[in-house]
Amino acid sequence: MATEMKVEVICKETIKPSSPTPHHLRISDLSVFDQVTSEVYVQLLLFYPSSSDDVNNIDHHHSLFAERSILLKTSLSETLTYFYPLAGEFKYNSSISCNDHGAAFVEARVNCPISQILGEPDLGMQKQLVPNHIECRTQSGKGYLLLVQANFFECGGVAIGVTISHKAGDAHTLSKFINSWAAIALGSTTTTDVVPPAQFGAAASLLPPLEFLNSPQPPLEFVHENCVTRRLVFDASKIAALKSKAASTTVPNPTRIEVVSALIWKCVMEASRSNLGSARPSAWCQVVNMRKIMVPPLRVDLLGNFFGYFVAKTEESEVDHDVQSLVAEMRKGFEEFKVNFANGISGEDVLQLCKELGELIGKVDTDNNYCSTSWCRFPFYKANFGWGKPSWMSIPAGAVEIKNIISLMDERYGNGIEARLSLKEENMALVESNQELLAYASLNPSVVM
């Protein structure tokens, strides 16, 4: 019988940059994208099973834990000299004061082997393995923009949990930070591994902060209700088959994101229609990394938030949808988005996008509208701190599940996709038993180490 996972926090401390931030970099302006981003925190977990054959040597593990803890803290301190805004504090809603306040570092021991977590993934239980930004405050009550939790398992495995303020950066920024931190821990500090400090604030030079947004903004209200989160895994061979099914004269070469998203959209619409008793119009909002669509392309190391989204829609009269038609709608929405914004985007455009997103997913009666974000192609699986690359990257279930949110990320070997779906309980019950979906996806399988 598996041991109930218990996480014991050993210590909490503040890690400051190893070198003081220069005076001329002490203020990092927010861009309009940062200003309108909700004050939420993004979390992820990287799991590193033990490579040691002697999994029962407790003394060896304790010595290894101490060594790795020192390495993580020392390299984090050095990394913060490059990512200095993450060690700062927000100044109103206009800038970050890069005052070397520091990042939170939590060290914890876990009373079970890491194989137990990977064998039966539980997104809710994983919340214990990431630092809580509310609980981790200084004695004076100040919070952090970046928090890290190093979890050491009794078998010698490690899980690194990271929590970052979304206002300080998007998934692109988070992946740059983690891989730079890993490169420094590994002793590789070439310019290709670590982002130059000058790229913080670059987004603000393109889209300067708007003065009327300087005061804290009301958060974008998502609908919570009684929601549950489930994990689905689409392996590469099933995605290849799905691509063949989804190909059409309109979209002869659909992407893996498009076909997985279209199938999920089809299944969640069917569940919603069944429970509502009638067909409703539906919208699929897909977040887009703006760095890749601008013409000419922006520097990929531009940090902070720089994302938009496009919308694909179905009408009330369209009762039966197939994957082909939904892929076509998604491609149409993406192409229209590129036409509108590839050559430039203004602060007013950003405000309008934010307003439209709120209207689509921020109301109680939007049961059939969905918002999807993709972390695919961000190189989280390359993060090697000195004990190999991670066996699994996971996004834990939030403290409160938000209705109709879908998150996509790479499966470990790159061509598969893991999906997180947060839906109302009655809709999820139908989705997770949908035979068309289960023909291409596995429901919460074990992670192969």
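Just so it is clear, the structure is predicted and the values come from calculations on it, not from any experiment. (Residues numbered from 1 in each chain as written. Predicted model: local features only at pLDDT ≥ 70, side-chain atom pairs only at ≥ 80, totals over all residues. Heavy atoms only, no water.)

**A word on the sheet that holds strand 15 (residues 417-424)**
Definition in use: DSSP bridges decide pairing: two strands pair if at least two such bridges lie between them. By definition, any uninterrupted DSSP run of H or I lasting at least four residues is a helix, any uninterrupted run of E lasting at least two residues is a strand, and each is numbered from the N terminus.
With mixed pairing, the seven strands of this open sheet are ordered in space as 11-10-12-14-15-9-16. On the outer flanks of this sheet lie strand 11 (307-314) and strand 16 (442-443), each paired with one strand and no other. For strand 12 (residues 369-374) and strand 14 (residues 405-410), the ladder comprises four bridges, and the chain directions are parallel. The residue bridging C371 from the neighbouring strand is I405, located in strand 14.

**Thoughts on the packing of helix 7 (residues 256-276) against helix 8 (residues 323-341)**
The line we're drawing: Helix axes are fitted to C-alpha atoms over the stretch in contact, other axes to C-alpha atoms as well, and angles between N-to-C directions run from 0 to 180 degrees. Left-handed describes a crossing whose near helix is turned anticlockwise from the far helix through less than a right angle; right-handed describes the clockwise counterpart. In what follows, residue pairs with any heavy atoms lying within 4.5 Å of each other are defined as contacts. Side-chain classes are defined by residue name, with Ala, Val, Leu, Ile, Met, Phe, Trp, Tyr, Cys and Pro counting as nonpolar, Asp, Glu, Lys and Arg as charged, and the others, Gly among them, as polar.
At a minimum axis distance of 9 Å, the contact between helix 7 and helix 8 shows a crossing angle of 115°. Regarding helix 7 and helix 8, the two cross each other, and that crossing is right-handed. In this structure, helix 7 uses E258, V259, S261, A262, L263, W265, K266 and M269 to contact helix 8, whose residues at the interface are V323, L326, V327, M330 and R331. Grouping the amino acids of the contact of helix 7 with helix 8 by side-chain chemistry returns nine nonpolar, one polar and three charged.

**Considering the pattern of salt bridges**
Stated precisely, the cut-off is as follows: One side-chain nitrogen of Lys or Arg within 4 Å of one carboxyl oxygen of Asp or Glu is enough to make a salt bridge. Each residue is placed in one exposure class: buried if its accessible area under a 1.4 Å probe, protein chains only, is under 20% of its type's maximum, exposed if it is over 50%, and partly exposed if it falls in between.
Taken as a whole and judged by the stated rule, the model has 14 salt bridges. The shortest N-O distance in the salt bridge between E436 and K245 comes to 2.9 Å. Residue E436 is found in helix 11 (residues 435-438), and its partner K245 is found in helix 6 (residues 236-246); the two are separated by 191 residues along the sequence. Relative accessible area serves as the criterion here: at 37%, K245 is assigned to the partly exposed category. In this structure, R256 engages D410 in a salt bridge whose closest nitrogen and oxygen atoms are separated by 2.5 Å. Residue R256 is found in helix 7, and its partner D410 is found in strand 14; the two are separated by 154 residues along the sequence. For D410, a relative accessible area of 10% gives the class buried.

**Quick look at the nonpolar core**
Which entries qualify depends on this criterion: Only buried residues count toward a nonpolar core, which is a set of Ala, Val, Leu, Ile, Met, Phe, Trp, Tyr and Cys residues joined through side-chain atoms within 4.5 Å. Here the limits of each domain have been adopted from an automatic or database domain assignment.
Counting residues in hydrophobic clusters, the biggest one holds 64 residues, and the most contacted among them are F234, I264, W265, M290, I345, L408 and L421. Tallying contributions element by element places helix 7 first for this core, with 11 residues. Each of two domains, domain 1 (7-213) and domain 2 (227-379 + 393-443), supplies a minimum of three residues to this core. What M290 contacts, discounting residues up to four positions off in sequence, is F33, F306, F307, G308, F337, F341 and I345. The next biggest cluster of nonpolar side chains, apart from the first, holds 62 residues, and it includes Y84, L86, A150 and C155.

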